[in-house]
Amino acid sequence: QLQLVESGGGLVQPGGSLRLYCAYSGFTLSYVAIGWFRPAPGKEREGVSCISASGGLTNYADAVKGRFTISREDDRNKVYLKINSLNPEDTAIYYCAADYRAPGGSNWCTLRNGYDYWGQGTQVTVSS
């Protein structure tokens with residue numbers, strides 16, 4: 001059974017930090033690339049970060065570059081998203097998504113929303 005579960009969201013003040021994680025299971029046949037997404041104006045979801053199956057390739061949207069850090073814990077099939085210097089514009093439901101057959105193999109990921117499987121999201125709220 002393929003499944004992704006996000007956690008770690010919460011309410012933080014501007015300038016604060018959070019650590020989100022995405023635990024996934026059931027992906028046994030292919031390289032699994034993971035992306036993090038959030039809603040954006042005019043779009044259903046906007047990719048904020050992604051990481052390749054190997055962990056060797058990461059990518060970030062311009063809006064979060066320098067503040068967000070994505071990493072893997074492969075032995076537990078987990079991907080983490082460390083978020084620093086949060087501002088109210090970061091308020092959103094954050095979704096993780098998996099591509100179970102990464103087109104570029106172990107060193108590929110994308111910020112586009114063509115992933116195969118999606119979690120249900122974790123809420124991040126930034127407010128004073």
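Residues numbered from 1 in each chain as written. Predicted model: local features only at pLDDT ≥ 70, side-chain atom pairs only at ≥ 80, totals over all residues. Heavy atoms only, no water.

### Notes on the packing of aromatic side chains
Cut-off, in case you're wondering: Pairing of aromatic rings covers Phe, Tyr and Trp, the last counted by its six-membered ring, and requires centre-to-centre distances within 6.5 Å; plane angles under 30 degrees mean stacked, over 60 mean edge-to-face, and any other angle means tilted. Strands here are runs of E lasting at least two residues and helices are runs of H or I lasting at least four, both read from the DSSP assignment and numbered beginning at the N terminus. Note on exposure labels: buried denotes an accessible area under 20% of the residue type's maximum, exposed denotes more than 50%, and partly exposed covers the range between, all computed with a 1.4 Å probe on protein chains only. Whether a charge lies above a ring is judged from NZ of Lys or CZ of Arg, which has to be within 6 Å of the ring centre and within 35 degrees of the ring normal.
Per the counting criterion, the structure on display carries 6 aromatic pairs. For the pair Tyr100 and Tyr117, a centre-to-centre distance of 5.7 Å together with 55° between the ring planes defines the contact as tilted. Here Tyr117 lies in strand S10 (residues 117-118) and Tyr100 lies in the loop between strand S9 (92-99) and S10, a separation of 17 residues in the sequence. By relative accessible area, which is 27% here, Tyr100 ends up partly exposed. On the basis of relative accessibility, which here comes to 30%, the residue Tyr117 falls in the partly exposed class. Directly above the ring of Tyr21 sits Lys78, whose terminal nitrogen or CZ lies 5.0 Å from the centroid.

### What about the nonpolar core?
Using the following cut-off: Residues enter a nonpolar core if they are buried and are Ala, Val, Leu, Ile, Met, Phe, Trp, Tyr or Cys, with the set joined through side-chain atoms within 4.5 Å. Between two residues, a contact is recorded if the distance between any of their heavy atoms is within 4.5 Å.
Among the nonpolar cores identified, the biggest contains 27 residues, and Leu4, Ile34, Trp36, Leu81 and Tyr94 are the most heavily contacted of them. When residues of this core are traced back to their parent elements, those giving at least two are strand S3 (18-25), strand S4 (33-40), strand S5 (43-51), strand S7 (68-73), strand S8 (78-83), S9 and strand S11 (122-126). Non-local contacts of Ile34, meaning those with residues more than four positions away in its chain, are made with Leu4, Tyr24, Ser49, Cys50, Ile51, Ile70, Arg72, Val79, Cys96, Ala97, Ala98 and Tyr115.

### Describing the pattern of salt bridges
Our working definition: Here, a salt bridge means any Lys or Arg side-chain nitrogen found within 4 Å of an Asp or Glu carboxyl oxygen.
One pass over the structure, following the stated rule, counts 4 salt bridges. With a shortest N-O distance of 2.9 Å, Arg45 and Glu44 are connected by a salt bridge. Across the pair Arg67 and Asp90 runs a salt bridge, and its minimum N-O distance is 2.7 Å. One end of the pair, Arg67, is in the loop between strand S6 (58-60) and S7; the other, Asp90, is in the loop between S8 and S9, and 23 residues separate them in sequence. On the accessibility criterion, Arg67 (15% relative accessible area) is buried. Under the relative-accessibility criterion, Asp90 is labelled buried at 1%. Each of the salt bridges in this network shares a partner with another, and the network as a whole consists of Arg38, Arg67 and Asp90.

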